Amino acid sequence: MGGEVKVGRREAALVVAKRLPVRLSEIGGVIGGAFGEVYGYLGARGAESQGPPFIVYHGAPVGDDPFDIEICAPVARAVDPPVGWQMQELPAGTFVTLLHIGPYDTIGSAYETLGAWIPGHDYAVAGPPREVYLSEPETPPEQIRTIIEFPVVEAGAPAATS
């Protein structure tokens, strides 16, 4: 799987983002195409990247029914986004994270680990999870590095809304 569960603060992130519905059977192509589109656009305009790309999962896959994801390309400063995309600032917060090493089709084990760890350590989920992609597209599947993270609050504290 990867590393140990960690709790840490994440600063606010300025991102160029696009929210869209996707089916699990199409997710790889949709994500690859969207990242190619936004990073091609940003690169052509000399926009500075500010960290690895990530996706916010506003829904969870159920069979092959569509669910919402948000493609996020962190940038150093505001830029005019491509058509269909928007600039936004994601708020700072406390996140519980776990590094997953391996193919994307085995990433469910990281979600299960975090799902059990969070309530067992007096935290509550405070928003949708993210997948932060640390590996280049040509990385062999067994070496792919992805951070799974959940925004959290201490149990009993009010949760943020998304």
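Details of the structure are given in the entry above.
Our subject in this report is the structure included herewith. The model shown is predicted, which means the values in this text are computed figures rather than measured ones.

## Overview of the pairing of strand β3 (residues 54–57)
Reasoning step 1: Of the two faces of β3, the one holding F54 and V56 and the one holding I55 and Y57 are both buried throughout.
Reasoning step 2: As paired strands, β3 and strand β4 (residues 67–74) are joined by four bridges and run antiparallel to one another. Opposite F54, over in β4, you have C72 as the bridge partner.
Reasoning step 3: By the bridge criterion, three bridges tie β3 to strand β8 (residues 130–133) in an arrangement that is antiparallel. Paired with F54 across the bridge in β8 is V132.

## Observations regarding the packing of aromatic side chains
Reasoning step 1: Tallied over the full model, the rule gives six aromatic pairs.
Reasoning step 2: Judged by centre distance (5.9 Å) and plane angle (80°), the rings of Y104 and Y133 are edge-to-face. One end of the pair, Y104, is in the loop between β6 (93–101) and α2 (108–120); the other, Y133, is in strand β8, with 29 residues separating them in the sequence.
Reasoning step 3: Of the residues examined, Y133 reaches a relative accessible area of 9% and is grouped as buried.
Reasoning step 4: A centroid spacing of 6.0 Å and a plane angle of 85° characterise the contact between Y111 and F150, whose relative ring orientation is edge-to-face. With Y111 in helix α2 and F150 in strand β9 (residues 145–154), the pair connects residues that are 39 residues apart, well separated along the chain.

## Section: α2
Reasoning step 1: When the terminal C-alpha atoms of α2 are compared, their 19 Å separation across 13 residues agrees well with the 18 Å that a helix rising 1.5 Å per residue should span.
Reasoning step 2: Among the residues of α2, those classed as buried are A110, L114, W117 and I118. Seen along its axis, α2 keeps its buried residues to an arc of 100°; they face one direction. Every exposed residue of α2 that faces more than 90 degrees away from the buried side is listed here: E112, A116, P119 and G120.
Reasoning step 3: Buried positions along α2 lie against β1 (6–10), β6, β7 (123–125) and β9.
Reasoning step 4: Phi turns positive one or two residues past the end of α2, at D122, with a value near 60°.

## Quick look at the pattern of salt bridges
Reasoning step 1: Taken as a whole and judged by the stated rule, the model has five salt bridges.
Reasoning step 2: A salt bridge links K18 to E37; the nearest nitrogen and oxygen atoms lie 4.0 Å apart. Placement of the pair is K18 in strand β2 (residues 13–22) and E37 in helix α1 (residues 27–44), with a sequence separation of 19 residues.
Reasoning step 3: Overall, the relative accessible area of 24% leaves K18 in the partly exposed class.
Reasoning step 4: Taken together, the salt bridges that share partners define one network made up of R10, R130 and E149.

## Here's the deal with α1
Reasoning step 1: Look at α1: 25 Å from first C-alpha to last across 18 residues, which is about the 26 Å you get at 1.5 Å a residue.
Reasoning step 2: Taken as a whole, α1 has its buried residues at I27, I31, A34, F35, V38, Y41 and L42. Angular distribution of buried residues about the axis of α1 spans 135°; they occupy a single face of the element. Residues of α1 that are exposed and angled more than 90 degrees away from the buried face: G28, G29, G43 and A44.
Reasoning step 3: Packing partners of the buried residues in α1 comprise β2, β3, β4 and β8.
Reasoning step 4: Looking one or two places after α1, you find G46, whose phi comes out positive at around 70°.

About the criteria used
Residues numbered from 1 in each chain as written. Predicted model: local features only at pLDDT ≥ 70, side-chain atom pairs only at ≥ 80, totals over all residues. Heavy atoms only, no water. Buried < 20%, exposed > 50% of the residue type's maximum accessible area, 1.4 Å probe, protein only. Helix = DSSP H or I, 4+ residues; strand = E, 2+ residues; numbered from the N terminus. Pairing = 2+ DSSP bridges. Phe/Tyr/Trp six-rings, centres within 6.5 Å; stacked < 30°, edge-to-face > 60°. Expected span 1.5 Å × (residues − 1). Arc of directions from axis to C-beta. Contact = heavy atoms within 4.5 Å. Salt bridge = Lys/Arg side-chain N within 4 Å of Asp/Glu carboxyl O.

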